[in-house]
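Next come the chains, spelled out residue by residue.
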Amino acid sequence: MSERRTLKPATEVAHLGRDPQKHSGAVNTPVYRASTMLFDRVADLEAAERGEYPGISYGLHGLPTVTDLQHAVATLEGGYAALAVPSGLAAITLALLAVMKSGDHMLVTDSVYGPTRRFCDNQLTRFGITVTYYDPLIGGGIEREIRPATKVVFVESPGSLSFEVQDVPAIAAAAHARDALVMIDNTWATPLGFAAFAHGADISLHAVTKYIGGHSDVLNGIIVCNQATHPRLQRLWTDMGVSASTDDCFLALRGLRTLSVRLEHHTRSALIIAEWLRQRAEVAEVIYPALPGSRGHELWKRDFSGACGLFGVILHPVAKARVDAMLDGLRLFKMGWSWGGFESLIIPAHPERTRTATRWEAAGPYLRLHVGLEDPQDLIADLEDGFARLATRSQPSVPR
Ligand SMILES: *Cc1c(COP(=O)(O)O)cnc(C)c1O
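The structure displayed is predicted, hence computed values, not measured ones. (Residues numbered from 1 in each chain as written. Predicted model: local features only at pLDDT ≥ 70, side-chain atom pairs only at ≥ 80, totals over all residues. Heavy atoms only, no water.)

Turning our attention to the overall build of the protein. Looking only at helices and strands, the protein has 13 helices and 11 strands in total. The C-alpha radius of gyration computed for the protein amounts to 22 Å, which stays within 12% of the reference 21 Å derived for 400 residues, consistent with globular compactness. Seen through its C-alpha atoms, the protein measures out along the principal axes to roughly 90 × 55 × 45 Å. Going through the 400 residues of the protein one by one, you find that 53% of them count as buried. Counting only contacts in the protein whose residues sit at least 6 apart along the sequence, the fraction spanning at least 24 positions is 73%. Carbon and sulfur atoms make up 54% of the accessible area of the protein, which totals about 17,900 Å². (Helix = DSSP H or I, 4+ residues; strand = E, 2+ residues; numbered from the N terminus. Rg over C-alpha atoms; globule rule 2.2 N^0.38 Å. Buried < 20%, exposed > 50% of the residue type's maximum accessible area, 1.4 Å probe, protein only. Contact = heavy atoms within 4.5 Å. Areas by Shrake-Rupley, 256 points an atom, 1.4 Å probe, with all protein chains shown as cover.)

Around the ligand there are 13 residues in total, and G88, L89, D185, T209 and K210 lie nearest to it. Between the ligand and D185 there is a distance of 2.6 Å, counted from a nitrogen atom to a side-chain nitrogen or oxygen. The separation between an oxygen atom of the ligand and a polar side-chain atom of K210 is 2.5 Å. With 3 residues, the single largest contributor to the shell around the ligand is helix α4 (residues 88-99). Classifying every residue of the shell around the ligand by side-chain character gives 5 nonpolar, 5 polar and 3 charged. (Near = heavy atom within 4 Å. Polar contact = N/O pair within 3.5 Å; in protein donor to acceptor, adjacent residues only side chain to side chain. Nonpolar A, V, L, I, M, F, W, Y, C, P; charged D, E, K, R; others polar.)

Two pairing modes exist for strands in a sheet, parallel and antiparallel, and in both the strands are linked by backbone hydrogen bonds. The strand order β8-β9-β11-β10 describes an open sheet built from 4 strands, whose pairing is antiparallel. Since the sheet does not close on itself, it has two edges, and those belong to β8 (283-287) and β10 (345-348), each with one partner. Mean inter-strand twist for the sheet, computed between neighbouring axes without regard to direction, equals 20°. Alignment of β8 against strand β9 (residues 310-315), held across 4 bridges, turns out to be antiparallel. The residue bridging V286 from the neighbouring strand is V313, located in β9. (Pairing = 2+ DSSP bridges. Axes fitted to C-alpha atoms, helices over the stretch in contact; angles between N-to-C directions.)

One pass over the full model with this rule turns up 7 aromatic pairs. Ring centres of W188 and F304 lie 6.2 Å apart, and the angle between their planes is 80°; this geometry places the pair in the edge-to-face category. Of the two residues, W188 is situated in the loop between β5 (181-185) and α7 (190-193) and F304 in the loop between α11 (297-303) and β9; the sequence distance between them amounts to 116 residues. For the residue pair W188 and F304, the accessibility class agrees, reading buried in each case. Between W276 and F387, the ring centres sit 6.0 Å apart and the planes meet at 40°, which makes this aromatic pair tilted. Residue W276 is found in helix α10 (residues 259-279), and its partner F387 is found in helix α13 (residues 376-391); the two are separated by 111 residues along the sequence. Residues W276 and F387 agree in their burial class; the two are buried. The structure contains a cluster of three or more aromatic residues connected by ring pairs, namely W188, F194 and F304. Cation over ring: R117 sits above Y133, and NZ or CZ is 4.0 Å from the ring centre. (Phe/Tyr/Trp six-rings, centres within 6.5 Å; stacked < 30°, edge-to-face > 60°. Lys NZ or Arg CZ within 6 Å of the ring centre and 35° of its normal.)

Cis geometry marks the peptide bond from S157 to P158; its omega dihedral reads -10°. Structurally, P158 can be placed in the loop between β4 (150-156) and α6 (168-177). Phi is positive for F163, close to 65°, though the residue is something other than glycine. Take F163: it is sitting in the loop between β4 and α6. A positive phi angle is found at S338, which is not glycine, with a value near 70°.

The next thing to look at is the environment of V66. Tracing the backbone shows V66 in helix α3 (residues 64-77). Classification of V66 by relative accessible area gives buried; the value is 1%. Distance in space between the C-alpha atoms of V66 and L379 is 36 Å, their sequence separation being 313 residues. Those residues in contact with V66 that sit more than four places away from it in its chain are A84, S243, A244, T246 and C249.

The next subject is the pairing of β9. Burial analysis of β9 places 6 of its 6 residues in the buried class, which makes it a mostly covered element. As paired strands, β9 and strand β11 (residues 366-370) are joined by 5 bridges and run antiparallel to one another. When the bridges of β11 are listed, F311 appears paired with L369.

If you want it as structure tokens, here you go:
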């Protein structure tokens, strides 16, 4: 279980979740490769069968590399406990399965990560669970959407594609007044940028794959929960056999050690680039909650303690082929899904394709940028060349 928070976040990420004395003095908890764990006595085996064995009974039930990651993230975020799983999506789906049952209803933000929506629509509905999507900016108005059968209000703030900042305390107050749980996908902010439990979450979910991993080489997810929800999550995690692999948890812990310095750098560079983009004639709007004047900034300032390098840019209307030419030729901003690594990324994004409760109002194309750890001036030069390609009239190849 997590311990009370007393140190500053930069210190905590360096020290939480490791105990060198237990590992011959090694600074980092080694990768424990183990399936079978041996018992000395029949009495120990029997205790394990009753769930009363103090040690590790089987490799699937919490090897030290796994429990150290769980302990570190739970403590960092101010939760009670955490469970590590093989991906961020697995964290979301497992948490939903743990608290929902047939006949229940859930409210999900219309800005939710696409695969979360897919799971709700394709899978939860098969079990007689109903899902209603709501306007991410609804705030305390969520009260009107809560039904007697509503068990979960699912929040993602900011939305990882469209960056609406949600009023989590207002949503949590309304949900708790009607005995619904608040689940948040806190991947964008990480535990360092948003104190999910202090703002009313019951369960916080992270794609460790993104910033905690930080190097685009590990898939991992973590469910952080409060004391009330912990027994259900622990039960399902054990019953489903979905522990994260010990190698991946090792990489996640390694990433965690530098999370604080990386996020500071990502944010500083993203602010420089967002400011620069805002001045460009091709740009209609920059949506980056950490940027003063951006939509969502006031709520972000009220509730968040940090940001990251991921934000959106709405361009003025321009032909798709021009945008493709801009993106195809970029040297530093590469195209690819996911984000949170050291490298910069850019993709054309289409929030309008998935929404059902609200409309995505943008006249022009929309881009999502991940600002990596490169020098921001190099990144700006890359984008500047891109805008030159965007402006070039295409040369129709007319046969003579
Ligand atoms: C990437 C992402 C996930 C899923 O993480 P995976 O490890 O790729 O499954 C969940 N939520 C958000 C907001 C994400 O960006």
